[in-house]
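Single-letter residue listing:
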Amino acid sequence: MALLKVKFNQKKRVKLAQGLWLMNWFSVFAGILVFSMGLFLKIELRKRSEVMDNSESHLVPNSLILVGILSCAFNGFAGKICYDSLDPAKFIKWKPLLKPYLALCFVFNILIFFVALICFLMRGSLDSTLAQGLKNGMKFYRDTDTPGRCFMKKTIDMLQIEFKCCGNNGYKDWFEIQWISNRYLDFSSKEVKDRIKSNVDGRYLVDGVPFSCCNPSSPRPCIQYQVTNNSAHYSYDYQTEELNLWRRGCREALLSYYSSMMSSMGAVILLVWLFEMSVMVGLRLLHTSLESISNPEDPECESEGWVLENSLKDTFKSALENLKKLGKFNQVEAGAEGAEGEEGGKPAITTVS
């Protein structure tokens, strides 16, 4: 029994073709939207590429751009087929191409669904690349005189101000690295010497943070140096008092920003996938309804259209059998080639009379 079997007359076939033509052009615009989303996400990721460890995160925007381009191409072609199907003379030239085209559409819809899943599942990969990238970026914060790294201080400061964050996981991350350049340290000072000597790696570590970690909404002037020294500030307890520094780490802030963006894009891609699936089903019904016309000279006669010629179970069984036959055919060919090789390798025997 055929799956989704529908009876059509001339009027219904025309309406289906016109509706599919319109839906295909809507899908072209959806493809342009997907392409634009991928381009926008790629630009946003490139803005913060200095604080990202690798390029794995670009898999999502690259996939969106590819899906957008393919969607415009596939749906533009399908729109032409639907338009020509209104004229039987024009539709004849598309008949041999429809089955391969529908197979490609099926593969394309699998790709769209896969891209939608990637949008939801890339959080873990993005988390690791941000964690390592921010860690490296903070290490280079002080290298304002080093070619290739002189921009890192500005990048980190602008990032912390824009996203209202501090450090990688929190403000205490700045305590573990030397973020003040040696050119601004007085090495004749006893305090500087003592701090450098007290560190195994000879780094100048302080319990302070860059100015960009300060929260301008705090009523108290920013305490960015000697953050853990209660006696250095009047009426201050860093363990109990609400600090006037951003508490959220930049990794969490960036992850939340990109994850919400990718999740929204994933939801849009799922809607596009549902729309593309409905277009593919409609095109299959149109194809079968036109092929099953009993009298091609009478275009007004009734016909039947279906999605699958047999039931889903029977179609699956038939596909498995075809795969098995293909496998057996390959084995037979391989066996025949081996037998020919053996025969060719046998020495020629001559008899002497």
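Residues numbered from 1 in each chain as written. Predicted model: local features only at pLDDT ≥ 70, side-chain atom pairs only at ≥ 80, totals over all residues. Heavy atoms only, no water.

Naming follows an unreviewed UniProt entry, where the protein appears as Peripherin-2 of Pitta sordida. Under Subcellular location (unreviewed entry), UniProt gives the following word-for-word description of the protein: "Membrane". Looking at the Sequence similarities (unreviewed entry) heading of the UniProt record, one finds this comment for the protein: "Belongs to the PRPH2/ROM1 family." (UniProt positions renumbered as here; feature names shortened; annotations may be inferred.)

A look at the packing of helix α1 (residues 10-47) against helix α8 (residues 250-291)
Between α1 and α8, the shortest axis-to-axis distance is 9 Å and the interhelical angle comes to 155°. With respect to each other, α1 and α8 are oriented roughly antiparallel. Crossing hand, α1 versus α8: left-handed. Split into classes, the residues belonging to the contact of α1 with α8 amount to 26 nonpolar, five polar and three charged. (Axes fitted to C-alpha atoms, helices over the stretch in contact; angles between N-to-C directions. Helix = DSSP H or I, 4+ residues; strand = E, 2+ residues; numbered from the N terminus. Parallel < 35°, antiparallel > 145°, perpendicular 65-115°, else oblique. Left-handed = near helix turned anticlockwise from the far one by under 90°. Nonpolar A, V, L, I, M, F, W, Y, C, P; charged D, E, K, R; others polar.)

So, the UniProt feature "transmembrane region" (unreviewed entry) in the protein
Mapped onto this numbering, the UniProt entry annotates "transmembrane region" (unreviewed entry) at residues 20-41, 101-122 and 255-275. Taken as a whole, residues 101-122 contains 95% helix and 0% strand, while its terminal C-alpha atoms sit 31 Å from one another. With 100% helix and 0% strand, residues 255-275 has end C-alpha atoms that lie 30 Å from one another.

Description of the state of the cysteines
Applying the stated rule across the entire model yields three disulfides. Between the sulfur atoms of C165 and its disulfide mate C250 the distance is 2.1 Å. Across the S-S bond of C165 and C250 the torsion is about 85°, and the bridge reads as right-handed. Linking C165 in the loop between α6 (152-163) and α7 (190-198) with C250 in helix α8, this pair joins segments that are 85 residues apart in sequence. Residue classification places C165 among the buried positions, given a relative accessible area of 0%. Disulfide partner of C214: C222, at an S-S distance of 1.9 Å. Taking the sign of the S-S torsion, about -75° here, the bridge from C214 to C222 comes out left-handed. (Disulfide = S-S within 2.5 Å. Buried < 20%, exposed > 50% of the residue type's maximum accessible area, 1.4 Å probe, protein only.)

A closer look at the nonpolar core
Core analysis: the largest hydrophobic core is formed by 77 residues, its most contacted members being L41, V60, L64, Y171, W174, V209 and L254. For this core, the secondary structure elements donating two or more residues are α1, α2 (59-84), α4 (95-121), α5 (123-139), α6 and α8. At 15 residues, α8 tops the list of elements feeding residues into this core. Apart from the residues lying within four places of it in its own chain, the contact partners of L64 are V34, F35, M37, G38, L41, V115, C119, M265 and I269. (Core = buried A, V, L, I, M, F, W, Y, C linked by side-chain atoms within 4.5 Å. Contact = heavy atoms within 4.5 Å.)

Let's talk about α4
Between its terminal C-alpha atoms α4 stretches 40 Å, which fits the 39 Å expected from 27 residues at 1.5 Å a residue. For α4, the set of buried residues is L98, Y101, L102, C105, F108, N109, I112, V115, A116, I118 and C119. On the buried face of α4, the contacting elements are α2, α3 (88-91) and α8. (Expected span 1.5 Å × (residues − 1).)

What about the side chain of S71?
With respect to the helices and strands, S71 occurs in helix α2. Other than its neighbours up to four places away in sequence, S71 contacts S27, G31, G76, F108 and E276.

Some details on the packing of α2 against α4
As a packed pair, α2 and α4 sit with axes 10 Å apart at the nearest point and diverge in direction by 150°. On the basis of their axis angle, the class for α2 and α4 is roughly antiparallel. Our pair here, α2 against α4, has a crossing hand that is left-handed. Two secondary-structure elements touch here, α2 through L59, V60, S63, L64, V67, L70, S71, F74, N75, F77, A78 and I81 and α4 through L98, Y101, L104, C105, F108, L111, I112, V115, I118 and C119. Residues belonging to the contact of α2 with α4 are distributed by class as follows: 19 nonpolar, three polar and no charged.

Details of unusual backbone geometry
What is expected of a backbone is that most residues other than glycine have negative phi and most peptide bonds are trans. Of note, Q226 is a non-glycine position whose phi angle comes to about 50°, a positive value. Of note, Q226 is situated in the loop between α7 and α8. Exposure remark for Q226: the relative accessible area of 36% places this residue in the partly exposed category. With a phi angle near 50°, S235 is a residue other than glycine that sits in the positive phi range.

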